[in-house]
Each structure stands twice: as structure tokens, then as C-alpha cells.
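# Structural overview for review
The residues making up each chain are set out below.
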4 protein chains.
Amino acid sequence: TVTRIGVIGTGVMGADHARLLTEAVSGARVGGVFDVDGSRARGVAAASGGARVFADPYALIVDDGIDAVLIASSDATHEDYVLACVAAGKPVLCEKPLAPTVEACARIVEAETEHGSRLITVGFMRRFDPGYTGMRALLTGGEIGAPLLMHNVHRNPAAVPGLPSSALIANSAVHELDIVRWLFEEEIVEVAVHTPRPSGQAGGTQDPQLLVLTTESGVLADVEIFVNARYGYEVRCELVGETGTVTVDAPPPTSLRRGGLHARALPGDWRPRFAEAYRLELQDWIDGAAGGASAWDGFAATFVAHACVAALASGERHAVNLPPAPALYRR
Amino acid sequence: TVTRIGVIGTGVMGADHARLLTEAVSGARVGGVFDVDGSRARGVAAASGGARVFADPYALIVDDGIDAVLIASSDATHEDYVLACVAAGKPVLCEKPLAPTVEACARIVEAETEHGSRLITVGFMRRFDPGYTGMRALLTGGEIGAPLLMHNVHRNPAAVPGLPSSALIANSAVHELDIVRWLFEEEIVEVAVHTPRPSGQAGGTQDPQLLVLTTESGVLADVEIFVNARYGYEVRCELVGETGTVTVDAPPPTSLRRGGLHARALPGDWRPRFAEAYRLELQDWIDGAAGGASAWDGFAATFVAHACVAALASGERHAVNLPPAPALYRR
Amino acid sequence: TVTRIGVIGTGVMGADHARLLTEAVSGARVGGVFDVDGSRARGVAAASGGARVFADPYALIVDDGIDAVLIASSDATHEDYVLACVAAGKPVLCEKPLAPTVEACARIVEAETEHGSRLITVGFMRRFDPGYTGMRALLTGGEIGAPLLMHNVHRNPAAVPGLPSSALIANSAVHELDIVRWLFEEEIVEVAVHTPRPSGQAGGTQDPQLLVLTTESGVLADVEIFVNARYGYEVRCELVGETGTVTVDAPPPTSLRRGGLHARALPGDWRPRFAEAYRLELQDWIDGAAGGASAWDGFAATFVAHACVAALASGERHAVNLPPAPALYRR
Amino acid sequence: TVTRIGVIGTGVMGADHARLLTEAVSGARVGGVFDVDGSRARGVAAASGGARVFADPYALIVDDGIDAVLIASSDATHEDYVLACVAAGKPVLCEKPLAPTVEACARIVEAETEHGSRLITVGFMRRFDPGYTGMRALLTGGEIGAPLLMHNVHRNPAAVPGLPSSALIANSAVHELDIVRWLFEEEIVEVAVHTPRPSGQAGGTQDPQLLVLTTESGVLADVEIFVNARYGYEVRCELVGETGTVTVDAPPPTSLRRGGLHARALPGDWRPRFAEAYRLELQDWIDGAAGGASAWDGFAATFVAHACVAALASGERHAVNLPPAPALYRR
Ligand SMILES: [Mg+2]
Ligand SMILES: [Mg+2]
Ligand SMILES: [Mg+2]
Ligand SMILES: [Mg+2]
């Protein structure tokens, strides 16, 4: 049996997801498509083997021909669509962030909790990246001893000039906030943000930033987030344990000798870097394997992100007082 | 619509293919299974979502519930099954080698030629490996100038003691024979084999061997084939052009610092190394995209392999006089 | 003409320096040796081609047969010996730290300032390491744009159990404090120290630590100092500029494939890692090329180290109010 | 005591050697200089601390103020100068090749044998390269088991157009011929040369070439020699043993992320690559440590090179029947 997916939002991410569901995922097809830009929706529908185009996203969500929903529309619309999916009792995969505010995330968690079973997955695709899963396997296999430190680097070549400085945390570093929680299976309890002079290429944004996160057990994770790094897209980390370290750097399979250099190419954006992660995330979701992030994880990531934004503003260390997770989400 | 695949042979390779078709390929499912070991067939059928188990491979091939056939049985059986598929007019993906002898390969090519359209794909999966396809893109993109040399290393940790020395060529280096033809889009016209003293761990087999291949335009490709390398599985190559070189080495996404070493893990066999290649090969086949090796490619690989075996025996350079390709296979 | 060096302190560092002066530096020889352990002094003197052994370090300093002095004795003795060298008007290379306290360093600076010309070099050998000098050349050559961030990792395999937590800063991270000043040619104006839970292998020491340093122009440098990293000795850094980054990691010239790993060996301590730096430092000193750190640099490193120790104790950011450099040291 | 070196030939290599002797080697200075170009000689003499300039190389050789002689003049002049050094009983370091013909090398060996003790060192500096010595230590330490194969790559960016094809062997690959003998401590007994179509950038020279060498015990070493590789200078090798392999690639200590690439720089010629080897070679020679190649090694390298040139011409395998080494050179 093939799961029929309704895709809401067919920009870069939504179109990519639709393509993967059509071409590279077993047991799924795109059943319906909605986008505020109808012609964009029609293009993706055509490329997805003739999926229906919906004029109303809520009609898509409740349609009998749609078994599950993938939300890749703008962040501000996530809440309404996710809540509609929960009301319809349909599984939903929502791109990160779950919602832009802690309050919106809390309403989503509350709705799912009242529903009583898990329907929501948040698209923190790094949980499926072979680099990150390989690192976690080495950690849990005892290969480096108990964890102490983690160094993270997260760079994009260019951002919109004048991007709010908080967006570096809420939209980019939020991936590391989720990965730290996932990797150590514990919460972040304190955050601080250090700021170098901003890059002259950042148009006034405080870019880069250095986040310092502390977990319940005292693991320290620093995160360089730099969205105007110019030279390319790169996500790397090193996890330091009591007896060794693991580095995730994901080199491409080829290297080139030319013009006085021995080089490996870096991707231009996140899609080549995480192509396999997206595919595995979607396959896991279609398989109902529940390997993805929950609504609670989405809430927690946004909650910690907001603490980081406060720490950025104050220059001080901020405690993160995450409420206890509802029973629905306890491991 | 979902393509229903009949899998003949459910050993390591066949079971892996069945798993990929079930779990990781879009638009396919395993419809039927045959193996000389019935219980092995039943196990794979069960893991493939309840596929039918056939007692007779020829019955599987002609069954109306089977749209296409995947052959992963022992090499000696390939010819009969492939010919039956051609007779039944069904697409067939046959594991490499197409057949063990030049004569058998010729009979298959003749049958397909008489059939008049292409039904046969040979499982030279490296044509789908991101390392090799990346190298080819760099070559055809002009990044290294015209090709001159190619150095290949192909190592397995261990082989059956007393393996015939010719098997290193026919079963292992045959991958490089295919890749050289695919990469340069021309034929191999001369071969030589150099032999160091054999490893004391090889039980009498001439292992390793160094093949030297020359193509029509004069590109030279050397191939170290070493099936008792002990330390791990590794396939690497460097392509040397007039202005630069490309190396395929496919490092894993993590590295480990421990015990005085900074290390990347090497796989224990070919499956992790080529997991993505196998998935992409199957998806391409299911999609009918015809990116795979043809029966003629299978014939040519076996033809060149036999010339290499003769060169191994004689110690001399051997010309390779491949007949012209039938029109069906011309690019 | 050959410069005759008096070596005070012939422990691990002093013996190494004596060996380099004898075997690998042009224009120098060891003229005299002192150590509190006379037999150790005699051994080094013999290995240095028959240098004289002095019973009194001050006699060595003033001896007519000694042209210049190298001090590698215990940190607490540095001040007296350096002051004696200044009084004698003899060039002196003093191992880092110049002295353990800010006050002692200030007295040394004052003595040299009164003397009126530069006699003192401090052994911050990283200034001569081909990795660090290569990084600086790339930075000053404009290859990565203006600097923004620097990430440093400094790991030793094991330290004495119960080592004071401040020693990680004063004895180890002090190298990075100097390198940051040297690389950016400006002062550190603020410091903070973050602390993960200490390693269970550290015997109560706060190990590792994460220092965050800010320079006058706003460059941010973080330093992981970890003296019980177990797996080996490693010093690495990445310098992040507005358009690119430089990494110093100094891989050894060989790699090994064995036992399922492709690995490069890591050194067991700092000596192999910085062997070339020590040789070049000594040659520069013998040549009178003045490429080394000055007494003022030694003062500044200790001054910043003390601010870091205070920040470690308080958990707060600390301003670093370095007094202005005397004219003798201005660039 | 300081050894006074007479330098004959002050082109690129001779000037570099003079600089190292003056600035970076302990116990040596340049005492005299000769070059056919007097002004070039005067420049090097001045840079060497005021060495004497000789108008006659034979006068330099016999001068009482010269303790040992370094020959870096054109290959054709080596024989006469080396023989004069032997006649004068003075140690001599002669750049490779010892002499261009087997006969000339034989005359030198005969003269030294008649002299009765070793005076001649041949400048095969790779024997001192930390990469090669590290590889040999791993081999002799049993880290990779018994050796079977060795793959060598030797590339220069550009050569004189129309360079004789034999020069690739006699002047460049001769380094690998020496290294193979040194590493395995046995002779090369058979050679073959394979030729791809030449690079369009080589001006008619057969460039690149692939040499295949077999040693007495059956180790096989292939050598790609390519003197118009354009992209940079590179010397690499992998030694394959029964249980593992060692690679020498000598990456520089820094890497650069910029413009979509993560890259390490490759040198433009051999001097940066082997700077440390040259320094260690000279220090070893000055110390009289006898770690360098002997006249017999120089004879053997030229002897094998000539067999390779014959194999290049014939396209056949050629046996190498090296005469037995005189007693003076036996290990
Ligand atoms: Mg499927
Ligand atoms: Mg699908
Ligand atoms: Mg000297
Ligand atoms: Mg010396």
C-alpha cells in the first residue's frame, strides 16, 4: 500500500520533499499539493506524477485521498496547518521550526497531548544524517568515553542583508540545539552567546555568533553560527569524550588536484550536504518508524532558541527552565 | 503503479536487493522469490512484505504477477535465466558477470539482438556510485583536461584460500574493466598483467596482481587487485588528466581520535562502500532510465577479462580484439 | 664565529635545547651547563661536545666563555636568572612562562627597560611553527579577509592528578594567549571561562576548560584546553575570516591502513609536534633575528592568564586592562 | 670544529645547499665556491659569509682551506670533479645522478674502491625525508607485514618542451629507483615501461610514463613519472604489505577553506617538498653519519635507469643484471 502525501508549501524545501517522495522513497506518493502560488503548486504536482492541486490547504488536510501531510510553507503558517492535521487525526511532518514562538509551539503540544497519541514529526533532518548517526553510535558504543564537550560550526555562504540577528539562532543554530538534545538525551539548562565584531559582509546583522550551551549533566557545547561565511556551506562538529573524540565533517567522495591545490568541493547550500538525511527522514516517516523529532522536541528547540536570543541581547548567561515533558513524549 | 520484481537467488546479494526494493526504492515491490534453498527464499519473501515463493525459476519468469526479474543466483546459472527473460519479453537485471564465458555472453547478446530491443541490464553498480559519477562529471566538464592515466586499487580483506588466480580478474577486477570502458567511452585494446610474489596469506593464489590496460585512444589504466589485503575493503582510484587529477576515495562522514590515532573506519566488505550505488542502480532500473550497463557491456567486460587471464598466464601484452557492437548497443 | 650558550636547567626541555644547539643549529654550541642535579648537568654537558659544568648558575651567567644564556629551569627561578642576565648585559632565551606572577614579569620588564635595549626572548616557540607562520602569512596576505573568530584546541594526554585548575591556563593555554596576540597584533581586552563537568580522569582538576577571549578589534578566540585527553597530544586551530578560513592541524607525512582503519598517528607529547618550531626558534635567536617573543610579550601573556584564572573563579567575563607597553617594545 | 665546504656549481641546487650550510647546519660553513658563471659564484660566496671564490674547481678541491666538497654542477661534469676529490682524499657530496652513463659511474666506483675507503655520497635526499624514513620505520617495525607492492607518483608541473623521453627516467624517476633499493634493501631485477598517449602539453616528449619494477624477492613497484602535470609538484607513494599499507603524501600543516573548496596547497617544485630532507642530508653528511647513498648506490641507480630506458624503447620487459657490489659497499 502506498501512502498518499499532501504537500503544503512548494517552495525550495517542499518541492524537494515532493521529488523525494515521488522518486526516492518506497511506499509513498504525492497525492495533493497546495501553495499560495498556484502555478508553483501546479508545477510540483505535474512533476509528482499528476498529483491533485488544492486551492485550500484545509481542504487538502481533510481530503479522503490524503493519508498524511507534509508542511513546508512559511514558518508563521505552521501552527494553523499542524493543528488542522491533529484535528483531522492525520500524521504530519512539519519543517523546522515547529512554530516561531514558544507559545505557538506550546499550543501545538497541548493539542497533540489532548489528542492522546503522536501525530506530529518535526523536520530536524540531521537526526538522520549518516554523519550524526555515526557519531551517536560511536558515543553510545563507548568508543570515546563519557562526553564532555562538543564544538559545532554551522556556516552558510550568504544571508539576506539586514537579517535580524535573532534569526541566526531561531532558523539556523536551532539545528544544533536539537542535535545537542538528541545526542546527549538530556536538556540544555544554560546558554550564553558571545559576539565578535560582525562581518563587514553581513549588512548590520550580528554575524557570526558563538553560542555556549550547557546540558543537565554538564556537557558544554559551543556553536559557531555564521550565515555570511562566503566560501561555501559547511556543517561540522567534534564531540570530545573522556578518552577520544568523534568528528563529523562529511567529505565528498572525490577530491581534485588542480591549480596548485588538492581540494574537496564544499556544497553551495544545505541540500547536497543533507540530501541523504532528507531521504532517510522521509522514508522513516513513511515507514512509521518514529525516528524523527516530536512536537515536544520542536517545542524544546524553540524554547532554548528563545533563551539564546535573550542571552544574545543581555550578554549574560541565561538559565533555561524547560517545563517537564508531558507523558506522551517521555522516553 | 508499482513494478513487481521477481528475485532469483536470495543469497547475500539477492537478499540485499530484495530489501532495497522493499524499503528504499520508489515504485517497486518484490512480487516473487526463487532460491535453490527454499527456506532462504521463504525468509526473504517474508521480509519483503509477503512476496510469493516460487519452486521453479522459469515459472517465476513467465508469471503474470511478475513485471521484471532480478537475477542474483550463481554465475553459472545466469545465462539460462537471462535467456528465459528475453524469451518472455521481460526486463531483467542480472548481477555481474553477465555470464562466466565469452561464448555464453555472446549467446545472450545474440538473443537480445534478435529480440530487437533492450531488456537486459548488468549489475555493474559502480556506474551509480557518487564517487565514480562525480569523477566522470569532473572529467567531462573539462576540469582536468584530457585523460592520460588512471590508477586503481581494489582490495578485499580475505578470499577463499586456493581461489583460482583467474577469479581475481573475472570476479573482482571485472568492475574496473567495466568502469574504464564506461568512463572513457571507448574500448580496451591491450592488456598486461604483472605479478608480485603472492601474499603468504593467499593460500597459493596469485594475489595481488597488477593489471595494465590500454584504451583505443591510448589512456593507460593500472589496477591493483588484492583479495587478501586483510586490513579492510577498499576501492580507490585516481584519474590523471593533462591539467589535473580526480581521486575517488569515498571517506566516511566521521573520523575518530583515539589511542594515538586520528582515523577513519574502512568497511569490512563492499556492501557499505557501495550501498548508495546499489540503491541508485535499482531505482534507475525501476524508473526505466537505462543508466545501467547493457548486455553488450557485460559481454565486453567478460571478453576483456578473458584477455587479462591469458595475459596473466603468458606474462605478455595481449591485444584485445573486441568485435564491433551490434547496432542495438551503439551510442 | 660560534656563539657559546650557557644552559641553565637540563631537564627535558633544557636537554632538548642543548641537543638542538649542538646538532642542528648553525653558529652555536653549548659552552656551559648548570642544573641543580649535577649528574644531570654532566650528562648533558658530555652530550654537548664537552661543555663546562658550572656549580653556580650566576657564575655561568657572568663567565667570559658564555656569550648568551638559555634558561630552562623551574618557573619560579626564571626571574632571578633573567635579571642576572640583564645585569650582565647578556642575551637570554627564557622558557615560557617568563615568570609565574604578574609582579615578577613586571620587575623583569622594568629591568630591561632600564637597561635600555632588548636582551630577553621568551620561548613561545609556536611563533616559529610552520603551521602558525603559514596561517599568519595567509591572513596577512588577505586570503581569508578580515579575521572574526578563532577556534583553538589544545590537548595533552595526561596531567598530574590534582593539578591546580589554574595551571591549565598558566602553563598550557598561555601558548594560545601568546599566539592570539602575535597573530592579530593587538591585545586581548576581555576573557571568560566556561567549564563543563570535569573529566573523571582528571583527579579533581577542572579539566577541560573553554576560554573565550576578545581582542581590541573584536576578534573572538575560543580555546579548549584539556590536559587529560588520553588519546594523544594535539594542537589545532581554525581562523575564520570574512571570506574564508585557515586550519592548522599539521598532519604527519605518512598514513597507515591497518585493522579496519585509515589513520595518521598523533604524537604522545608536544616535542614531536613542535620539533621544527624549537629548532627554528633557536636558530632565529642565535642569528639575532629577533623573531621571538619579547619580555613584554611574556608579561602580557602572564597578565592575561591571570585574568583568565580570575574569570575561571568567578564565572564572569573579566576585562583585561593591560598597561601600555614601554617604548622599548613598541612595534 | 667547523667543516669548511667547497661548493662547485652555484645554480639553484648549489645556492640552496650553500644557504643551508651557512644558515641551518651545525658544524659547517662554506669555505669556497666555484661556478662557470663567476658573478653567480661571487653572489653565493657573499651570501655565505664571505667564502672564497675560486676560478678553478680543481684548485678548490685541493685547497688546504677546503675540508670537503659539494658538487652541484651540471651532470656531465660530475665524474671529473668526483674523481679529483677521491684523488685528493676529500669527502664529496655529489648531486644525483652520480654521472649520466653507467661507464662513468663504474669508473667512479672503481676509483673509490682503489682508494680503499668511502669518500663519496650521492645526493639522493629522499633517504632523509621524514615521510620516507617514517614509511621505512613502519615497514621494518612490522606494522604492515611483508611488502608486496609499491605505487609511486612523481609529478612536476612543467618540463622543457622536447625534453628527451629518457630524461624522465634518468633525471626524475631515478629518485624512485634509488628509494626502491633503499627501502627493500635489495636489487631491482626486472623493469618494464608502459606508455599512455603523451600529454598534448609535453611538446613531443613521451610524458607521462609508467615504470614497473620487480625486486629480487618479487616486490613490484610501479612509478608514474609525469613532468608536465601542470597542477603542481607532487611526490606520493603507497607501500602495500601483507596486512596493511603505508602512504607517504606529506600534507602541509595548514588547509584553506575558500571559494567553494577545502584545500591544501601543493608546492610549485621539489624544493619546499624536500626542504627538510636536504637539511637533514647535509647535517648527516657534515656529521659523518654515513646515512646517505654511496657511489655504488649512484652506480646502481644509473644502471637500472639505463635498463628502463631500454625497456621504454623496446616495449618489453628487461632483465637488470647488476654486477655484484664490491666489498667496500656491502652491508
Ligand atoms: Mg519499494
Ligand atoms: Mg515514492
Ligand atoms: Mg652552518
Ligand atoms: Mg650548532
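Here the structure is a predicted model, which means the values were calculated and not measured.

Turning our attention to the pairing of strand S6 (residues 120-123) of chain D. Residue and element names in this part refer to chain D. Burial along S6 is two-sided: the residues Ile 120 and Val 122 and Thr 121 and Gly 123 are all buried. Of the pairings in the sheet, the one linking strand S5 (residues 92-95) to S6 comprises 4 bridges and is parallel in character. Paired with Cys 94 across the two strands is Val 122, which belongs to S6. Between the parallel pair S5 and S6, the chain is carried across by helix H5 (residues 102-115), and the sense of this crossover is right-handed.

Where a metal carries four tetrahedral donors, each ideal angle is 109.5 degrees; where it carries six octahedral donors, the ideal angles are 90 or 180 degrees. Summarising the metal site, the magnesium ion (ligand 1) is bound by the protein donors Ser26(A) (OG), Leu21(B) (O), Val25(B) (O) and Ala28(B) (O), whose distances to it range over 2.3 to 2.6 Å. Each member of the pair, Leu21(B) as well as Val25(B), is classed as buried.

Taken together, the contacts link 14 residues of chain C with 14 residues of chain B. Note on chain C versus chain B: buried area summed over both sides is about 1,200 Å², and carbon and sulfur give 55% of it. For the pair chain C and chain B, the interface holds 2 salt bridges. Where Glu234(C) meets Arg257(B), a salt bridge forms, and the shortest distance between an N and an O atom there is 2.8 Å. Counting the contacts that link chain C with chain B gives 8 residue pairs in polar contact (both at pLDDT 80 or more). Residue assignment for the side of chain C that touches chain B shows that the elements contributing at least two residues are strand S11 (234-241), strand S13 (254-258) and strand S14 (261-265) of chain C. Considering every element that reaches the side of chain C that touches chain B, the biggest residue donor is S14(C), with 5 residues. Residues that form the side of chain C that touches chain B fall into these classes: 5 nonpolar, 3 polar and 6 charged.

For these two chains of identical sequence, chain C goes onto chain B by a turn of 180° and a shift of 0.0 Å along the axis, with RMSD 0.0 Å. What the superposition gives is, in effect, a two-fold axis relating one chain to the other. Every residue of chain C has its C-alpha some distance from the rotation axis, and the shortest such distance is that of Ala263(C), at 2.0 Å. Most of the interface of chain C is mirrored in chain B: 100% of its interface residues are interface residues there too.

Aligned on chain D, chain B shows an RMSD of 0.0 Å; the corresponding rotation is 180° and the shift along the axis is 0.0 Å. Of the residues that chain B buries at the interface, 100% are likewise interface residues in chain D, meaning the two copies contact each other through the same surface.

A word on the coordination of the magnesium ion (ligand 4). For the magnesium ion (ligand 4), the full set of protein donor atoms is Leu21(C) (O), Val25(C) (O), Ala28(C) (O) and Ser26(D) (OG), at a range of 2.3 to 2.7 Å. Taking the relative accessible area as the measure of exposure, Ala28(C) reaches 9% and is therefore buried.

All names here are of chain C. Spatially, 6 strands are ordered S3-S2-S1-S4-S5-S6 in an open sheet, and the strand pairing comes out parallel. The open sheet has two free edges, formed respectively by strand S3 (52-53) and strand S6 (120-123), since each of these has just one partner strand. Its contacts with the sheet put helix H1 (residues 12-23) on strand S1 (3-8), strand S2 (28-34), strand S4 (68-71) and strand S5 (92-95), and the angle it makes with S2 is roughly 150°. Lying over the sheet, helix H2 (residues 38-47) contacts S2 and S3, oriented at roughly 165° with respect to S2.

Thresholds, definitions, all that
Position labels on residues start from 1 in each chain and follow its written sequence. Whichever chain is written first becomes A and whichever ligand is written first becomes 1, with later ones labelled in order. Note on the predicted model: pLDDT of at least 70 is required for a residue's local features to be given, and 80 or more for side-chain atom pairs to be given and counted; whole-chain, interface and lining totals, by contrast, use all residues. For the side-chain quantities, the full set of heavy atoms in the structure was used; hydrogens and water were omitted. Exposure is judged per residue with a 1.4 Å probe applied to protein chains only, and the accessible area is read against the type maximum: over 50% gives exposed, under 20% gives buried, and values in between give partly exposed. Here a strand is any run of E in DSSP of at least two residues, a helix any run of H or I of at least four, and the numbering for each starts at the N terminus. When DSSP locates at least two bridges between a pair of strands, those strands are taken to pair. Here a crossover is taken to be right-handed if, once the strands point away from the viewer, the path from the first strand over the helix to the second is traced clockwise. Metal coordination here is assigned from N, O and S atoms located within 2.8 Å of the ion, or within 3.2 Å for Na, K and Ca; omission of water means that sites may look incomplete. Two residues form a contact once any of their heavy atoms are found within 4.5 Å. Reported buried area values correspond to the accessible surface (1.4 Å probe) lost by two parts on association, with both partners' losses combined. Salt bridge, as used here, is a side-chain nitrogen of Lys or Arg placed within 4 Å of a carboxyl oxygen of Asp or Glu. Pairing of N or O atoms within 3.5 Å defines a polar contact, subject to two protein rules: one partner must be a possible hydrogen donor and the other a possible acceptor, and residues neighboring in sequence count only if both atoms are side-chain atoms. Polar here means any residue other than Ala, Val, Leu, Ile, Met, Phe, Trp, Tyr, Cys and Pro, which are nonpolar, and Asp, Glu, Lys and Arg, which are charged; Gly is therefore polar. The fit set for superposing copies consists of C-alpha atoms from residues with pLDDT of at least 70 in both; the fit itself is least squares. Helix axes are fitted only over the stretch in contact, all axes being lines through C-alpha atoms; the angle between N-to-C directions runs from 0 to 180 degrees.

These figures come from the coordinates and say nothing about function on their own.
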